[in-house]
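# A structural walkthrough
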Amino acid sequence: MSGGAARHGIMARTETYLDWNATAPLRPEAAAAMSAALARCGNPSSVHRWGRAARQAVEHARSAVAALLDAPPEGVVFVSGGTEANHLALLGAGRDRVLVSAVEHDSVLRAVPEAERIPVDREGIVVPEALDRLLAADPRPALVSVMLANNETGVVQPVAEIAAIAHANGALFHCDAVQAAGKIALDASAIGADLVTLSAHKLGGPPGVGALVVTGELELTPLLRGGGQERRRRAGTENLVGIAGFAAAAIAAGEEIAVYDRVRALRNALEADVAEAASEAVVLGAAAPRLPNTSAIAMPGVTAETQVIALDLDGVMVSAGAACSSGKVVPSHVLEAMGVGPDLAGSTIRVSLGSTSSEADIAHFLRAWTALYRRCRDFSVGARAA
Ligand SMILES: Cc1ncc(COP(=O)(O)O)c(C=O)c1O
């Protein structure tokens, strides 16, 4: 309870944040690095000593971000976030054909609206034979884009296999690793991608900064032209403060990957308790390999919007499984692609944990979720009886 609230006799509400896939809290290391960067002046393109110091800070950050993937630092192109990185990959690689999985983030799907869609199975996993067939059917130079882990379900794709199929057909492979970074160990050569997307705010850095990592010799056509920054791959004075925060967050995230073993145990306990409380509840993508922190839970008969609002009133913050970026809930293309019907999809929420999530957070969620479930069940039993 805060001092002021206590004096006024108001009980402080417990707030539980279980929406880490939307954005993660800023890490203290990132805040400290950003505040140090804010205190400095210098354009990395300037030749004088302050400019050179700024350049050194950017190159240090480049190495730190590359290390998260074990990729070459010179391949890291700093951009304004995951959305821009995905656009740069899809539009800048200069391929005639683009193929994307049906469960990609909108920043991939909308970058090239005419891209061919690679279907997924009922668990949300890309069907490798379908990709092979699509690529073999058209000899034009292609780029394949498949995410490492899905933002709504946490389902992890067999990206090494997908990369091998793409390369065997002469295609480039881009992997959006925005959700996976910091939650599972990453290795650029194991992923097998030519291009990898990262975003700082999903791993405890600030929003508005990210990277496209080029793992080989690939030439990119810049989306933004002007100065020669980022080896002519992205013009504009570097966002020094954001880049410093990104690097500090990447180092901290890389060092504490093992914490996600504990997060996985918490997530599994949450799902087991949900199943015990409500036998109709469904966890989507549960049979597939998944991120350790994500759970897409359907409470049939209760819309996701109702759940998100009711849980928020109880101090628990989660997201609707459906995209809700404009305040308007639209059916989730991810769940649709998995063959989930509109009723189940419309009643699915995304619960996403993070490195500081605790047993108390899970208990709070379960209290609020179970109370809502019972209210809705009693209401529908009452309505049927009336
Ligand atoms: C899988 C995935 N890719 C890309 C993005 C976009 O990243 P940013 O918010 O940095 O533009 C997101 C953000 O939600 C995401 O989940």
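Residues numbered from 1 in each chain as written. Predicted model: local features only at pLDDT ≥ 70, side-chain atom pairs only at ≥ 80, totals over all residues. Heavy atoms only, no water.

### Comments concerning the nonpolar core
One finds Leu69, Phe78, Val144, Leu148, Phe173 and Phe246 to be the most contacted residues of the largest nonpolar core, which totals 61 residues. Here this core takes 7 residues from helix 3 (residues 49–69), the largest share from any one element. Viewed by domain, this core spans two of them, domain 1 (2–18 + 258–381) and domain 2 (28–255), each represented by three or more residues. With near-sequence residues (within four places) excluded, leucine 148 lies in contact with Val155, Val156, Gln157, Val159, Cys175, Asp176, Ala177, Ala180, Leu186 and Ile191. Within the second largest apolar cluster, 27 residues are counted, among which are Val263, Ile297, Val351 and Leu372. (Core = buried A, V, L, I, M, F, W, Y, C linked by side-chain atoms within 4.5 Å. Buried < 20%, exposed > 50% of the residue type's maximum accessible area, 1.4 Å probe, protein only. Helix = DSSP H or I, 4+ residues; strand = E, 2+ residues; numbered from the N terminus. Domains from an automatic or database assignment. Contact = heavy atoms within 4.5 Å.)

### Quick look at the sheet that holds strand 13 (residues 348–352)
Reading across from one edge, 9-10-13-12 is the order of the 4 strands in this open sheet, with antiparallel pairing throughout. Looking at strand neighbours, the two that pair on one side only are strand 9 (282–284) and strand 12 (319–320), the edges of this open sheet. As paired strands, strand 12 and strand 13 are joined by 2 bridges and run antiparallel to one another. Its bridge partner lying in strand 13, serine 319 is registered against arginine 350. In the packing of helix 11 (residues 259–277) onto the sheet, the strands contacted are strand 9, strand 10 (294–298) and strand 13, and the crossing angle to strand 10 comes to about 10°. Contacts from helix 12 (residues 304–313) reach strand 12 and strand 13, with the element oriented near 45° to strand 13. (Pairing = 2+ DSSP bridges. Axes fitted to C-alpha atoms, helices over the stretch in contact; angles between N-to-C directions.)

### Quick look at the domain arrangement of the protein
Under the domain assignment, the protein is made up of domain 1 (2–18 + 258–381) and domain 2 (28–255). Averaged C-alpha coordinates put domain 1 and domain 2 at centres separated by 29 Å. Contacts between the two partners involve 22 residues from domain 1, matched on the other side by 24 residues from domain 2. At the boundary of domain 1 with domain 2, total buried surface from both sides reaches about 1900 Å², with 60% on carbon and sulfur atoms. For the domain 1 face of the interface with domain 2, the top three residues by lost area are Leu291, His333 and Met338, together amounting to 33%. Summed over the shared surface of domain 1 and domain 2, the number is 0 salt bridges. Put simply, domain 1 and domain 2 have 7 residue pairs in polar contact (both at pLDDT 80 or more) between them. If one sorts the elements of the side of domain 1 that touches domain 2 by residue count, helix 13 (residues 333–337) sits on top with 4 residues. For the side of domain 1 that touches domain 2, a count of residues per class yields 13 nonpolar, 7 polar and 2 charged. (Buried area = accessible area lost by both parts, 1.4 Å probe. Salt bridge = Lys/Arg side-chain N within 4 Å of Asp/Glu carboxyl O. Polar contact = N/O pair within 3.5 Å; in protein donor to acceptor, adjacent residues only side chain to side chain. Nonpolar A, V, L, I, M, F, W, Y, C, P; charged D, E, K, R; others polar.)

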